Amino acid sequence: MNRTHHPPEFRARGRRSRTAAGLALAAVATAGTLGLLSACGGSPHASSPHASSMPTMNMPTMNMHASRPSTGRPVSGTAVAIKNFAFAPATLKVPVGTTVTWTNEDSEAHTVTSTGPGGPLHSAALGTHAAFSHTFTKPGTYAYLCTIHPFMTATVEVTR
């Protein structure tokens, strides 16, 4: 067998090239996967006869800190805004019998879904300006999230 000997620096450079090519391929695959995942939320109008058959690839700027529950006191009221990929307020305090309404102010769809099994909150995907309401009949703390964007979490504290 005839083997060609290359200087060590040539072999090392070749290894780095293969490694760099592998990393570049992995980066492209990851970017493509993230693009497809971001399109999964899709437009609420995707079933429209005028909609493109290709999913939109809008990549919203997400503020990951916006969805974390605040360390302040719970806010009273009956409305929760869904905006900037967060529920506002993050903690709502209401008396038993109160109807709370969530309104989506984002351009992406969101849900309002109880985090535990058997929880009372189960909205459909809410498009822009869509709303979901629920009347709380029992005291307790009700944690919920958006199933499309699970980093979006909040709670409703229901008191007597």
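Up top is the structure these notes are about.
So, how was this worked out
- Residues numbered from 1 in each chain as written.
- Predicted model: local features only at pLDDT ≥ 70, side-chain atom pairs only at ≥ 80, totals over all residues.
- Heavy atoms only, no water.
- Pairing = 2+ DSSP bridges.
- Helix = DSSP H or I, 4+ residues; strand = E, 2+ residues; numbered from the N terminus.
- Core = buried A, V, L, I, M, F, W, Y, C linked by side-chain atoms within 4.5 Å.
- Buried < 20%, exposed > 50% of the residue type's maximum accessible area, 1.4 Å probe, protein only.
- Contact = heavy atoms within 4.5 Å.
- Phe/Tyr/Trp six-rings, centres within 6.5 Å; stacked < 30°, edge-to-face > 60°.

*Asks:* Account for the pairing of strand β4 (residues 91–95), naming residues and giving values.
*Replies:* Sheet analysis places strand β1 (residues 75–76) next to β4, joined by two bridges and oriented parallel. Bridge pairing in β4 links Ser76 to Lys93. When β4 meets strand β9 (residues 153–159), the two strands line up parallel, connected through five bridges. Of the residues in β9, the one forming a bridge with Thr91 is Thr155.

*Asks:* Can you break down the nonpolar core residue by residue, with the values?
*Replies:* Core analysis: the largest hydrophobic core is formed by 20 residues, its most contacted members being Phe87, Trp102, Val112, Phe136, Tyr144 and Val156. Where this core is concerned, the elements lending two or more residues are β2 (79–83), β4, β5 (99–104), β8 (140–145) and β9. No other element matches the three residues that β9 contributes to this core. Each residue touching Phe136, except ones within four places of it in the same chain, is listed here: Val96, Gly97, Thr98, Val100, Trp102, Leu121, Tyr142, Val156 and Val158.

*Asks:* Before we move on, could you go through unusual backbone geometry and cite the residues and values that matter?
*Replies:* What you tend to see is this: most non-glycine residues have negative phi, and most peptide bonds are trans. In this chain, Ala88 is followed by Pro89 through a cis amide linkage whose omega measures 10 degrees. In this structure, Asn84 takes a positive phi of about 55 degrees despite not being glycine. Overall, Asn84 belongs to the exposed group, its relative accessible area being 54%. Even without a glycine there, the phi angle at His129 is positive, about 70 degrees. With respect to the helices and strands, the residue His129 is situated in the loop between β6 (113–114) and β7 (131–135).

*Asks:* Would you mind going over the sheet that holds β6 in detail, with residue names and values included?
*Replies:* The five strands are arranged β1-β4-β9-β8-β6 in an open sheet whose pairing can be described as mixed. Every other strand in the sheet has two partners, leaving β1 and β6 as the edge strands with one partner each.

*Asks:* For the packing of aromatic side chains, give the residues involved together with the corresponding values.
*Replies:* Throughout the structure, instances matching the rule amount to five aromatic pairs. Where Trp102 meets Phe132, the ring centres are 5.7 Å apart and the plane angle is 35 degrees; that geometry is what we call tilted. In this pair, Trp102 is assigned in strand β5 and Phe132 in strand β7, connecting sequence segments 30 residues apart. Each member of the aromatic cluster is reached from another via a ring pair, and the members are Phe87, Trp102, Phe132, Phe136, Tyr142 and Tyr144.

Honestly, it's all geometry; don't read function into it.
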